[in-house]
Every structure is written in C-alpha cells, then in structure tokens.
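# Analysis of the macromolecular model
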Amino acid sequence: WVRRHLGEDYLSRLLITRDKTVVRGAVLIDDKPKVTGACSRPEWTHIIFDASYNRHIPADDPRPRLSSWSDWRAVIQPFLS
C-alpha cells in the first residue's frame with residue numbers, strides 16, 4: 001500500500017507502533033479523532049483522515065483533514081520543511 005500510494009522512498013520511512021505519541025515526526029495521519037499515549041504533547045501535527053465515524057468533528061476544528069489519499073500532497077506539504 002505504501003509503495004503504491006506514496007512511493008518506494010517511503011517504505012524505509014514507515015513506522016508501526018502501538019503508542020503514536022512517542023514517535024517523532026512532522027505529521028501523523030490518523031482517522032482517530034483523539035490520539036492519546038505516553039506523551040501528552042507530541043511534536044507532530046495531527047492530520048485527521050476522514051472516516052464516517054469522525055465526521056462529527058466541527059468544521060472549525062483547527063486540525064487539518066485529509067479526505068482522500070489523492071489529496072495527501074496538498075494537505076501534508078505545508079508541514080514539511
């Protein structure tokens with residue numbers, strides 16, 4: 001999936017973990033409305049991936065949303081420097 005949607009270069013950058021708050025990075029793309037764990041203030045920006053069960057989040061919520069993987073570059077690029 002990663003190779004097909006993000007490209008070969010991202011395979012070596014993939015990280016799978018139970019506690020996402022301890023992972024360092026620029027962004028976290030997650031469909032969960034609230035990500036909790038050991039770190040109360042993770043360094044990443046939470047980008048909410050749209051799902052039927054998180055559409056209750058108000059439009060004025062400051063977190064960016066990603067509604068389709070085809071839009072990933074436009075949503076994520078501003079957070080990468």
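Preceding this paragraph is the structure being described.
Structural notes, computed from the coordinates. Since we're looking at a predicted model, the values are computed, not measured. (Residues numbered from 1 in each chain as written. Predicted model: local features only at pLDDT ≥ 70, side-chain atom pairs only at ≥ 80, totals over all residues. Heavy atoms only, no water.)

Counting six residues, the largest nonpolar core consists of Ile47, Phe49, Leu66, Trp72, Val75 and Ile76. Going through the elements one at a time, strand S2 (45–49) and helix H2 (72–76) are the ones with two or more residues in this core. In this structure, Ile47 is in contact with Val27, Leu28, Ile29, Asp30, Pro64, Arg65, Leu66, Val75, Ile76 and Phe79, ignoring residues within four places of it in sequence. (Core = buried A, V, L, I, M, F, W, Y, C linked by side-chain atoms within 4.5 Å. Buried < 20%, exposed > 50% of the residue type's maximum accessible area, 1.4 Å probe, protein only. Helix = DSSP H or I, 4+ residues; strand = E, 2+ residues; numbered from the N terminus. Contact = heavy atoms within 4.5 Å.)

Looking now at the packing of aromatic side chains. Per the stated rule, a full pass over the model turns up three aromatic pairs. Ring plane angle 75° and centroid distance 4.9 Å describe the contact between Trp1 and Trp69, whose orientation is recorded as edge-to-face. Highlighted residues: Trp1 in the segment before helix H1 (2–6) and Trp69 in the loop between strand S3 (65–66) and H2, separated in sequence by 68 residues. Residue classification places Trp1 among the partly exposed residues on the basis of a relative accessible area of 45%. Ring centres of Phe49 and Trp69 lie 4.8 Å apart, and the angle between their planes is 25°; this geometry places the pair in the stacked category. With Phe49 in strand S2 and Trp69 in the loop between S3 and H2, this pair connects stretches of sequence that are 20 residues apart. Classification of Phe49 by relative accessible area gives buried; the value is 18%. (Phe/Tyr/Trp six-rings, centres within 6.5 Å; stacked < 30°, edge-to-face > 60°.)

Before going further, it helps to examine the pattern of salt bridges. Across all of its chains, the model carries six salt bridges by this definition. Here Glu8 ties to Arg3 by a salt bridge, and the two come within 2.8 Å at their closest N and O atoms. The partner of Arg63 in a salt bridge is Asp61, with the nearest N and O atoms 2.9 Å apart. Among the residues examined, Arg63 registers a relative accessible area of 26% and is labelled partly exposed. (Salt bridge = Lys/Arg side-chain N within 4 Å of Asp/Glu carboxyl O.)

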